[in-house]
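So you can see what is in the structure, the chains are spelled out below.
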Amino acid sequence: MKKWFKRYGHIFFVLLMVCIMIPQTVQAAVPYKTYTIDGYGYVTETQTAYMPKSSISKIGDYSLVRPMDLKITDDGYMYIADAGAAVVYVADLEGNYISTIGKDVLVEPYGVFVTEDKNVYVADHSGKVSVFDKDGNVTAEYFKPDHPLYGTGTYKPIKIAVNAGGDMYIVCEGNGNGLVQLTPTEGGTFLGYFGTNYASVSVLRMVQEAIFTDAQLAKMVSNLPATPVNVAIDKQGLIYTVTPGEKNTSLKKLNIAGANLIEPDAYDGKETCVAVGNHDNVYVGSSDGYIYEYNSEGDMLFVFGGRDDGRFRIGLSKKVEAIDVDINDNIYILDSDSKQVQVFRATEFTNLLHNALNLYENGRYTESKEPLEQVLEMNSLFDYANEAMSRSYLQEEDYENALKYARVSKAFSVYSDAFWEVRNTWLRNNMIPAAGVIILIIVIIKLLRYLQKKKGIFNPFLKATGKIWGSATWQRFTYMFYYMKHPVDGAYGLRYEGKSAFLNANIMLVLTTVIYLINKYYCGFLLRTVRDGRYTIGTDILTVIGLFVFLTACNYLMCTINDGEGTFKRLYCGFAFSLTPYVLFQPICILISNVVTYNEVFLIDFGQIFIAVWVLILIFMTIKEVNNYTVKETIKIIFLTLFTVLILALLAFIIFVLCRQVFDFVESVFREVVYRIGK
């Protein structure tokens with residue numbers, strides 16, 4: 001070993017130094033995952049959209065005491081409203097101290113807004129809105145409006161946004177009437193409430209209001225609209241509000257008339273803040289530390305972040321209080337519990353997507369394709385990029401490619417529009433040949449009928465297969481067509497003419513199952529709800545057959561108890577024959593579903609309703625005629641059957657839970673025994 005080291009040691013040393021001197025790129029793992037929404041509405045993991053960049057806990061020498069809001073300006077300044085210090089700090093984007101606003105003027109600054117001309121509006125929780133010029137001098141103060149329409153409620157401003165005309169939109173704590181809208185004229189004129197949320201009324205609440213006395217209603221919690229908790233404004237003057245717990249209206253984008261223009265497709269019910277990005281995108285912060293990014297229509301692009309577990313990892317938050325974005329798409333998160341500002345930078349993947357988003361929103365569809373293609377090179381399954389590509393091709397009238405990308409992204413509306421054009425082109429090019437083929441088929445059929453009538457050309461075939469068509473099994477099988485049209489006489493045949501046979505009923509049940517599977521996995525793209533590649537055929541077969549047998553058994557049980565004359569075999573066969581309309585007409589609906597657009601989808605809906613009604617009528621008549629019931633008794637039996645199904649399902653669930661607990665107990669005992677033996 002010593003000889004080897006003396007001979008080759010110097011070479012080893014040189015190689016070691018070279019390895020040390022070569023620069024290495026190290027990518028630290030972020031403490032969270034990034035998710036998006038796919039075309040089916042499922043949350044799926046994607047590339048990291050934003051990387052934690054830095055955290056700011058002090059502005060110069062000043063530690064944040066109780067920070068409540070922040071605002072980032074386009075020229076690179078940060079304004080932080082600190083309710084604990086009763087001031088607004090001005091800093092650069094690195095956290096270096098610039099100045100202080102509102103010392104000895106502000107009491108509890110909860111919200112801050114900065115206009116383009118550097119006027120600073122501060123929502124003071126003590127009961128006023130203070131306005132400062134760019135030098136920090138007070139230029140105006142607005143107190144509680146004395147207008148009778150304002151009401152007698154308290155006036156505690158917590159957030160504020162100001163439009164280009166100086167009109168203020170103020171979020172007031174506990175005011176369920178909406179945003180307080182003030183104009184600076186005449187010392188602050190109250191213009192009314194804006195963007196009021198609606199109060200939801202449950203069925204229980206309606207019943208209570210109908211039967212309770214006034215004294216009882218007075219003791220109940222008032223059913224008032226929820227109060228928005230934050231507000232933002234974009235360059236077009238559109239107002240954005242967030243209201244936790246309002247589900248699909250938790251984020252609102254309001255025009256000048258107060259109408260909502262957006263509906264988020266993902267939310268968590270704990271929204272606390274909102275900001276508008278540089279590409280008409282919207283950022284929403286959740287109190288649990290999650291950050292949502294939406295496009296201008298409310299489609300979620302990303303969600304990332306999360307709650308800090310006490311280890312103070314950068315990128316996680318305890319309570320997100322405010323959010324804003326600079327001109328470079330860096331996100332600034334104000335964490336009021338941790339008393340710090342966290343900064344996130346956009347990754348290359350996100351920058352490309354924002355570039356494409358900006359081009360697309362401005363109508364430059366062809367130019368947007370290049371960054372979109374780069375996004376898809378990084379993640380070919382990113383549905384939003386595929387959808388944007390499909391819309392770009394649709395605008396260029398390249399319908400084949402539009403169909404391709406729309407199918408991948410599950411952009412159903414784009415697919416419908418593109419398919420409409422493709423279908424029209426096909427019809428124009430093939431209408432005459434198709435008509436010729438149809439006419440030829442009709443002529444051939446008539447000719448064959450004529451030859452059969454005059455020459456009997458099919459007689460040998462009919463003679464050879466006569467035994468099959470005349471067999472009892474075939475006659476029972478074709479009985480389903482008669483049963484479909486004449487359920488009363490059909491039920492009579494089940495009872496007295498021996499038309500019931502398990503073989504034929506099982507064949508009908510198998511056909512029903514096969515058609516159900518084909519409809520589920522191979523219906524038209526616009527009507528499909530199953531995710532691509534997600535096949536559960538075994539479970540589907542067991543579900544259809546098991547549900548049929550279970551419902552038949554429950555109905556037979558109730559009929560037996562209530563003097564029904566039907567046997568299980570008759571009911572089983574009658575219910576199977578009642579599925580004939582589904583077996584006959586559902587394949588037609590499946591074929592049509594593959595050639596329709598959203599303009600004709602009502603045909604499929606009508607067909608489904610038609611089939612369902614026909615099947616239900618046949619089932620009703622089967623129960624009535626096989627058991628010799630009256631209409632009233634039949635309705636009673638149906639309700640008893642449904643009640644039995646509910647009870648048995650509940651019993652099965654209880655048994656499953658108990659068995660699961662026993663299994664878990666046995667497994668834990670086994671693990672303990674193995675552990676002790678191994679020890």
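In what follows, the accompanying structure is described.

Calculation rules
- Residues numbered from 1 in each chain as written.
- Predicted model: local features only at pLDDT ≥ 70, side-chain atom pairs only at ≥ 80, totals over all residues.
- Heavy atoms only, no water.
- Pairing = 2+ DSSP bridges.
- Helix = DSSP H or I, 4+ residues; strand = E, 2+ residues; numbered from the N terminus.
- Axes fitted to C-alpha atoms, helices over the stretch in contact; angles between N-to-C directions.
- Buried < 20%, exposed > 50% of the residue type's maximum accessible area, 1.4 Å probe, protein only.
- Left-handed = near helix turned anticlockwise from the far one by under 90°.
- Contact = heavy atoms within 4.5 Å.
- Nonpolar A, V, L, I, M, F, W, Y, C, P; charged D, E, K, R; others polar.
- Phe/Tyr/Trp six-rings, centres within 6.5 Å; stacked < 30°, edge-to-face > 60°.
- Expected span 1.5 Å × (residues − 1).
- 1 Å grid on protein atoms, 1.4 Å probe; cavity = no way out; pocket = protein on both sides within 12 Å on 5 of 7 lines; lining within 4 Å.
- Points joined across faces, edges and corners; volume = space filled by probe spheres on them.
- Polar contact = N/O pair within 3.5 Å; in protein donor to acceptor, adjacent residues only side chain to side chain.
- Parallel < 35°, antiparallel > 145°, perpendicular 65-115°, else oblique.
- Bend = angle between axes of the 7 residues up to and from the residue.

Here we look at the sheet that holds strand 20 (residues 251-254)
Strand order in the open sheet formed by three strands is 18-19-20, with antiparallel pairing between adjacent strands. On the outer flanks of this sheet lie strand 18 (230-233) and strand 20, each paired with one strand and no other. Averaged over all adjacent pairs, the angle separating strand axes in this sheet is 20°, with direction ignored.

A closer look at the pairing of strand 19 (residues 239-242)
Burial of the side chains of strand 19 extends over both faces: Ile239 and Thr241 are buried on one face and Tyr240 and Val242 on the other. Taken together, the four bridges between strand 18 and strand 19 define a ladder with antiparallel strand orientation. Residue pairing across strands places asparagine 230 opposite valine 242, the latter belonging to strand 19. Adjacent in sequence and paired antiparallel, strand 18 and strand 19 are bridged by five residues, among which glycine 237 carries a positive phi angle near 90°.

Observations concerning the packing of helix 13 (residues 502-522) against helix 15 (residues 568-577)
For the pair helix 13 and helix 15, interaxial distance at closest approach is 9 Å and the crossing angle is 35°. In this structure, the crossing between helix 13 and helix 15 has a hand that is left-handed. Residues Phe502, Asn504, Ala505, Asn506, Met508 and Leu509 of helix 13 form the contact with helix 15, whose own contacting residues are Phe568, Lys569, Tyr572, Cys573, Ala576 and Phe577. Within the contact of helix 13 with helix 15, the residues separate by chemical class into nine nonpolar, two polar and one charged.

Quick look at the packing of aromatic side chains
For any two aromatic rings, the description comes down to two numbers: the centre-to-centre distance and the angle of the planes. Summed over all chains, the structure comprises 30 aromatic pairs. Taken together, a centroid distance of 5.0 Å and an interplanar angle of 35° make the contact between phenylalanine 412 and phenylalanine 525 tilted. Here phenylalanine 412, found in helix 8 (residues 412-454), pairs with phenylalanine 525, found in the loop between helix 13 and helix 14 (537-561); they are 113 residues apart in sequence, far enough to count as distant. Owing to a relative accessible area of 18%, phenylalanine 412 belongs among the buried residues under this scheme. Owing to a relative accessible area of 6%, phenylalanine 525 belongs among the buried residues under this scheme. Among the aromatic residues, ring-to-ring pairing joins Tyr32, Tyr50, Tyr283, Phe304 and Phe344 into one connected group.

Some thoughts on unusual backbone geometry
In this structure, lysine 118 takes a positive phi of about 75° despite not being glycine. You can see lysine 118 is positioned in the loop between strand 10 (109-114) and strand 11 (120-124). On the basis of relative accessibility, which here comes to 18%, the residue lysine 118 falls in the buried class.

A look at helix 13
End to end, helix 13 covers 29 Å across 21 residues, agreeing with the expected 30 Å (1.5 Å per residue, within 8%). Within helix 13 the residues assigned to the buried category are Asn504, Ala505, Met508, Leu509, Thr512, Thr513, Ile515, Leu517 and Tyr521.

Quick word on empty space enclosed by the protein
Under the criterion given, the structure shown has one cavity of 30 Å³ or more. Of the pockets and cavities examined, the largest cavity occupies roughly 40 Å³. Lining the largest cavity, in full, are Leu353, Ala356, Leu357, Tyr360, Leu372, Tyr384 and Ala388. Looking at the lining of the largest cavity, the elements that each hand over two or more residues are helix 4 (348-361) and helix 6 (383-395). Along the lines of polarity and charge, the residues of the lining of the largest cavity split into seven nonpolar, no polar and no charged.

Describing the side chain of lysine 253
Locating lysine 253 in the fold gives a position in strand 20. A polar side-chain atom of lysine 253 sits 3.4 Å from the main-chain carbonyl oxygen of serine 296. Setting aside its immediate chain neighbours within four residues, lysine 253 contacts Leu238, Ile239, Tyr240, Ala259, Asn260, Leu261, Ile262 and Ser296.

Regarding the packing of helix 5 (residues 365-378) against helix 6
Orientation of helix 5 relative to helix 6, taken along the N-to-C sense of each, is 150°, at an axis distance of 9 Å. Classed by the angle they form, the pair helix 5 and helix 6 counts as roughly antiparallel. When the axes of helix 5 and helix 6 are compared, the crossing they make is left-handed. From helix 5, Tyr365, Ser368, Lys369, Leu372, Glu373, Val375 and Leu376 reach across to helix 6, where they touch Ala385, Asn386, Ala388, Met389, Ser392, Tyr393 and Gln395. Tallied by class, the residues present in the contact of helix 5 with helix 6 amount to eight nonpolar, four polar and two charged.

Quick look at the environment of glutamate 173
Structurally, glutamate 173 is set in the loop between strand 15 (168-172) and strand 16 (179-183). For glutamate 173, a relative accessible area of 36% corresponds to the partly exposed category. Spatially, the C-alpha atoms of glutamate 173 and proline 228 are 8.6 Å apart, while their sequence positions differ by 55 residues. When sequence neighbours within four positions are dropped, the list of residues in contact with glutamate 173 reads His125, Thr154, Lys156 and Ile158.

Some remarks on helix 16 (residues 580-593)
The end-to-end C-alpha distance of helix 16, which contains 14 residues, comes to 20 Å, matching closely the 20 Å that a straight helix rising 1.5 Å per residue would cover. Of all the bends found along helix 16, the most pronounced is centred on glutamine 586 and spans about 30°, while proline 587, a proline, follows it within four residues. Buried within helix 16 are the following residues: Thr580, Pro581, Tyr582, Val583, Gln586, Cys589, Ile590 and Ser593.

Remarks on the layout of surface pockets
Roughly 1,100 Å³ of internal volume is contained in the largest pocket. If you go around the largest pocket, you meet 48 residues; those closest to its centre are Lys71, Phe113, Ile233, Asp234 and Lys235. If you list the elements that add at least two residues to the lining of the largest pocket, you get strand 6 (67-72), strand 10, strand 14 (157-162), strand 18, strand 21 (271-276), strand 25 (320-325) and helix 4. In this model, the second largest pocket occupies a volume close to 800 Å³. Along the walls of the second largest pocket sit 24 residues, with Leu551, Leu579, Val615, Leu616 and Ile619 positioned nearest its centre. Listing elements by their share of the lining of the second largest pocket, those giving two or more residues are helix 13, helix 14, helix 17 (601-626) and helix 18 (631-678). Looking at the lining of the second largest pocket, the element that brings in the most residues is helix 17, giving eight residues. For the lining of the second largest pocket, the residue count by class is 18 nonpolar, six polar and no charged.

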